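Fold and geometry: a report
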Amino acid sequence: MNNAESKPPADDALHLLIVDDDRRIRQLLVRYLQGEGYRVTAAESAEAAYNHLRGLHFDLIILDVMMPGQNGFDFAARIRAENAPLAEAPILMLTARSETDDRVKGLEAGADDYMAKPFEPRELALRVASILRRAAPRQIAQSAPGQNAVRFGDFAFDPDRGELRQGDEVIRITERERDMLRVLAEKPGETVSREALGGGGGAANERTVDVQVNRLRRKIEADPANPLYLQTVRGLGYKLAVDR
């Protein structure tokens with residue numbers, strides 16, 4: 001852990017919200033993440049977190065799954081149903097469980113990433129930093145996608161930057177969505193298996209791929225139930241229908 005005498009976070013430091021009913025974990029993460037230079041607010045329940053969200057902006061939410069009252073899945077789903085910018089705050093979900101069903105439920109609710117308890121604070125801090133780097137808005141000066149960009153409708157995905165744009169607007173995507181788009185962009189118009197999109201891992205991992213595909217469709221398709229660009233190839237996988 002960083003030196004306990006380190007300077008307090010700057011006024012413009014990124015602001016994190018920790019939502020966990022375990023007081024020991026809240027205190028540990030507050031101390032550690034403040035030592036990493038973040039501003040940190042903690043809440044012991046979803047209800048307490050809503051009170052903070054009404055008046056403060058947060059750059060990332062660290063959210064426990066199992067809490068009294070409203071659980072983390074329902075809390076995340078409600079956040080994602082709210083208007084921007086609240087809906088755009090990345091969510092790192094903490095769970096004491098490691099079953100695939102819980103991971104899938106977290107992704108369906110709108111979590112960007114998840115970690116299983118117990119965890120090392122340093123590992124969590126590295127995961128937080130990685131998510132924040134990916135979520136950081138890029139400057140419009142980087143407007144022109146590179147020559148390797150693939151285009152579909154109003155969208156362009158630059159695999160070198162890992163950047164998805166609709167016109168001049170940068171669309172926020174998670175790391176897993178970015179990885180899938182890179183794999184699909186390598187074979188535009190060709191079928192890519194679920195296993196390839198998920199990096200291996202069998203049937204359980206393929207289920208998480210389906211969840212991620214559905215989330216990505218909500219960002220790029222006018223009608224996600226009848227996709228034009230990210231199409232299902234029944235029994236085989238998916239393909240990205242690009243402009244020729």
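Attention in this report is confined to the structure presented alongside it.

The rules we used
Residues numbered from 1 in each chain as written. Predicted model: local features only at pLDDT ≥ 70, side-chain atom pairs only at ≥ 80, totals over all residues. Heavy atoms only, no water. Axes fitted to C-alpha atoms, helices over the stretch in contact; angles between N-to-C directions. Helix = DSSP H or I, 4+ residues; strand = E, 2+ residues; numbered from the N terminus. Parallel < 35°, antiparallel > 145°, perpendicular 65-115°, else oblique. Left-handed = near helix turned anticlockwise from the far one by under 90°. Contact = heavy atoms within 4.5 Å. Nonpolar A, V, L, I, M, F, W, Y, C, P; charged D, E, K, R; others polar. Buried < 20%, exposed > 50% of the residue type's maximum accessible area, 1.4 Å probe, protein only. Pairing = 2+ DSSP bridges.

Our focus in this paragraph is the packing of helix H1 (residues 23–35) against helix H5 (residues 121–135). It is the contact of H1 with H5, at a shortest axis distance of 10 Å, that shows an interaxial angle of 60 degrees. In terms of orientation, H1 lies oblique with respect to H5. As for the relative orientation of H1 and H5, their crossing is right-handed in sense. Note on element contacts: H5 touches H1 through Pro121, Arg122, Leu124 and Ala125, opposite Leu28, Leu29, Tyr32 and Leu33. Considering only residue class, the contact of H1 with H5 consists of seven nonpolar, no polar and one charged.

For the rest of this paragraph, the subject is the environment of Ile79. Tracing the backbone shows Ile79 in helix H3 (residues 72–81). A relative accessible area of 1% places Ile79 in the buried class. Sequence separation between Ile79 and Ala109 is 30 residues, and the spatial gap between their C-alpha atoms is 9.0 Å.

Okay, the packing of helix H2 (residues 46–55) against H3 next. Running from N to C, H2 and H3 cross one another at 25 degrees; their axes reach a closest spacing of 11 Å. Taken together, the axes of H2 and H3 lie roughly parallel to each other. Pair H2 / H3 crosses with right-handed handedness. The residues of H3 that touch H2, namely those facing Ala46, Ala49, Tyr50 and Leu53, are Phe75, Arg78 and Ile79.

Looking now at the side chain of Asp64. Tracing the chain through its elements places Asp64 in strand S3 (residues 60–64). Using a relative accessible area of 3% as the deciding quantity, one classes Asp64 as buried. Asp64 has contacts with Val19, Asp20, Asp21, Gly72, Leu94 and Lys117, leaving out every residue within four places of it along the chain.

Moving on, we get to the side chain of Glu177. Mapping Glu177 onto the fold places it in helix H6 (residues 175–186). Classification of Glu177 by relative accessible area gives buried; the value is 0%. Not counting the four nearest positions on each side in its chain, Glu177 is found in contact with Gln212, Arg215, Leu216 and Lys219.

Burial along strand S7 (residues 155–158) is two-sided: Phe155 and Phe157 facing one way and Ala156 and Asp158 facing the other are all buried. Bridging between S7 and strand S8 (residues 163–166) involves four bridges; their strand directions are antiparallel. Looking at S8, one finds that Asp158 is bridged to Glu163.

Here we take up the sheet that holds strand S12 (residues 237–240). In spatial order, the strands read S10-S12-S11; together these three strands make up an open sheet with antiparallel pairing. Because the sheet does not close on itself, it has two edges, and the strands there are strand S10 (192–193) and strand S11 (230–233). As paired elements, S11 and S12 share four bridges and run antiparallel to each other. Within S12, the position partnered with Leu230 by the bridge is Leu240. Contacts from H6 reach S10, S11 and S12, with the element oriented near 70 degrees to S12.

As a further point, take the sheet that holds S8. Ordered in space as S6-S7-S8-S9, the four strands form an open sheet in which the pairing is antiparallel. Where the open sheet ends on each side, the last strands, each with one partner, are strand S6 (150–152) and strand S9 (169–171). Across the sheet, the axes of successive neighbouring strands diverge by a mean angle of 30 degrees, strand direction being ignored. Sheet analysis places S8 next to S9, joined by three bridges and oriented antiparallel. Counted as the bridge partner of Leu164 is Ile171 from S9. Set on the sheet, H6 makes contact with S6, S7 and S8; between it and S7 the angle comes to about 95 degrees.

Any link to function would need more than the numbers given here.
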